[in-house]
Amino acid sequence: QSLLSRLAKKSIDYHSKAYSGIALTFASAAMYPLLIILIFYHIRDTEVVLDTNPFDGIDTVTAVLEATDSILLFLCGCFLALTCIGLLQAFFMARIQIAARKESARAYLSIGMTETDVKRMIFLELRSVVFKALAILLLSTFIINFFFEMAL
């Protein structure tokens, strides 16, 4: 098990550019739903104060709230589309990387490593990519939330 962990770490270090790309793509794709949640969280606390003229016959509050709703729905649709595109990109990048690792597994198999150990090593590599993506995601969520707090 410790040998597999060391081999996975060496493989991640050797292919760090590809794995970092996968982690960053996954984190950026998952950031869009978090942005939606943060936007709604911070908008719910704001109060809309509008200067309305009762003699002009226009309900400004209703018009502004309808415009805000349509803008938020548009943002949700855009973020959903970007999330799907980012997740697909991360999935295809991971598939290419897994195929490359399986191709290079022939060297490990030739020195006597079992097929199960090779699969376990690939799993350890991908697990570290997911942890890296979650770390990026948490840090960027904290930073974005901090800026929201500063703006309000």
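Residues numbered from 1 in each chain as written. Predicted model: local features only at pLDDT ≥ 70, side-chain atom pairs only at ≥ 80, totals over all residues. Heavy atoms only, no water.

1. Quick notes on the overall build of the protein chain
Alright, step 1. Along its length, the protein chain carries 4 helices and 0 strands.
Alright, step 2. Reading the protein chain from its N end, one meets helices and strands in the order α-α-α-α.
Alright, step 3. Within the span of the protein chain, comprising 152 residues, buried residues form 26% of the whole.
Alright, step 4. Looking at the protein chain alone, contacts between residues at least 24 apart form 86% of all its contacts between residues at least 6 apart.
Alright, step 5. Counting every atom, the protein chain has about 10,600 Å² of accessible surface; 69% of that belongs to carbon and sulfur. (Helix = DSSP H or I, 4+ residues; strand = E, 2+ residues; numbered from the N terminus. Buried < 20%, exposed > 50% of the residue type's maximum accessible area, 1.4 Å probe, protein only. Contact = heavy atoms within 4.5 Å. Areas by Shrake-Rupley, 256 points an atom, 1.4 Å probe, with all protein chains shown as cover.)

2. Some remarks on the state of the cysteines
Alright, step 1. Enumeration over the complete set of coordinates arrives at 0 disulfides.
Alright, step 2. Unpaired in this structure, Cys76 has its nearest cysteine sulfur neighbour in Cys78, at a distance of 9.4 Å.
Alright, step 3. A relative accessible area of 22% places Cys76 in the partly exposed class. (Disulfide = S-S within 2.5 Å.)

3. Details of the packing of helix α2 (residues 16–43) against helix α4 (residues 115–151)
Alright, step 1. Running from N to C, α2 and α4 point in directions that differ by 35°, and their axes come no closer than 8 Å. At the point where α2 passes α4, the crossing takes the right-handed sense.
Alright, step 2. Residue composition of the contact of α2 with α4, grouped by class: 19 nonpolar, 5 polar and 3 charged. (Axes fitted to C-alpha atoms, helices over the stretch in contact; angles between N-to-C directions. Left-handed = near helix turned anticlockwise from the far one by under 90°. Nonpolar A, V, L, I, M, F, W, Y, C, P; charged D, E, K, R; others polar.)

4. Section: a nonpolar patch on the surface
Alright, step 1. On the surface, Leu139, Phe142, Ile143, Phe146, Phe147 and Met150 cluster together into a nonpolar patch covering about 660 Å² of accessible area.
Alright, step 2. Within the secondary structure layout, Phe146 lies in helix α4. (Patch = residues over 30% accessible without salt bridge, like charges linked within 9 Å, V, L, I, M, F, W, Y side chains within 5 Å. Salt bridge = Lys/Arg side-chain N within 4 Å of Asp/Glu carboxyl O.)

5. What to know about the nonpolar core
Alright, step 1. Ranked by internal contacts, the top residues of the largest apolar core, which has 15 residues, are Ile22, Phe79, Val129 and Leu137.
Alright, step 2. Looking at this core, the elements that each hand over two or more residues are α2, α3 (60–110) and α4.
Alright, step 3. Among the elements that line this core, the one with the most residues is α2, at 9 residues.
Alright, step 4. Residue contacts for Leu137: discarding those within four places in its chain leaves Ala27, Ala30, Met31 and Leu34. (Core = buried A, V, L, I, M, F, W, Y, C linked by side-chain atoms within 4.5 Å.)

6. Describing the side chain of Thr25
Alright, step 1. In this fold, Thr25 is placed in helix α2.
Alright, step 2. Classification of Thr25 as buried rests on a relative accessible area of 12%.

7. Some points on α4
Alright, step 1. The end-to-end C-alpha distance of α4 is 54 Å, a good match for the 54 Å that 37 residues give at a rise of 1.5 Å each.
Alright, step 2. Inspection of α4 places Val118, Met121, Ile122, Leu124, Glu125, Val129, Ala133, Leu137 and Thr141 among the buried residues, and these make up the whole buried set. (Expected span 1.5 Å × (residues − 1).)

8. What to know about the confidence of the model for the protein chain
Alright, step 1. Here the protein chain averages 76 in pLDDT, and 76% of its residues register 70 or above.
Alright, step 2. Put simply, helix α1 (residues 2–14) is where the protein chain has its lowest mean pLDDT, 66, and α4 is where it has its highest, 83. (pLDDT = per-residue confidence, 0-100.)

9. A few points about the environment of Ile98
Alright, step 1. Residue position: Ile98 is located in helix α3.
Alright, step 2. Classification of Ile98 by relative accessible area gives partly exposed; the value is 24%.
Alright, step 3. With 24 residues separating them along the chain, Ile98 and Ile122 place their C-alpha atoms 7.2 Å apart.

10. Things to note about the side chain of Thr83
Alright, step 1. Topologically, Thr83 is positioned in helix α3.
Alright, step 2. Relative accessible area serves as the criterion here: at 9%, Thr83 is assigned to the buried category.
Alright, step 3. Here the side chain of Thr83 touches Phe79 through a polar contact of 2.7 Å, landing on its backbone oxygen.
Alright, step 4. What Thr83 contacts, discounting residues up to four positions off in sequence, is Ala29, Tyr32 and Pro33. (Polar contact = N/O pair within 3.5 Å; in protein donor to acceptor, adjacent residues only side chain to side chain.)

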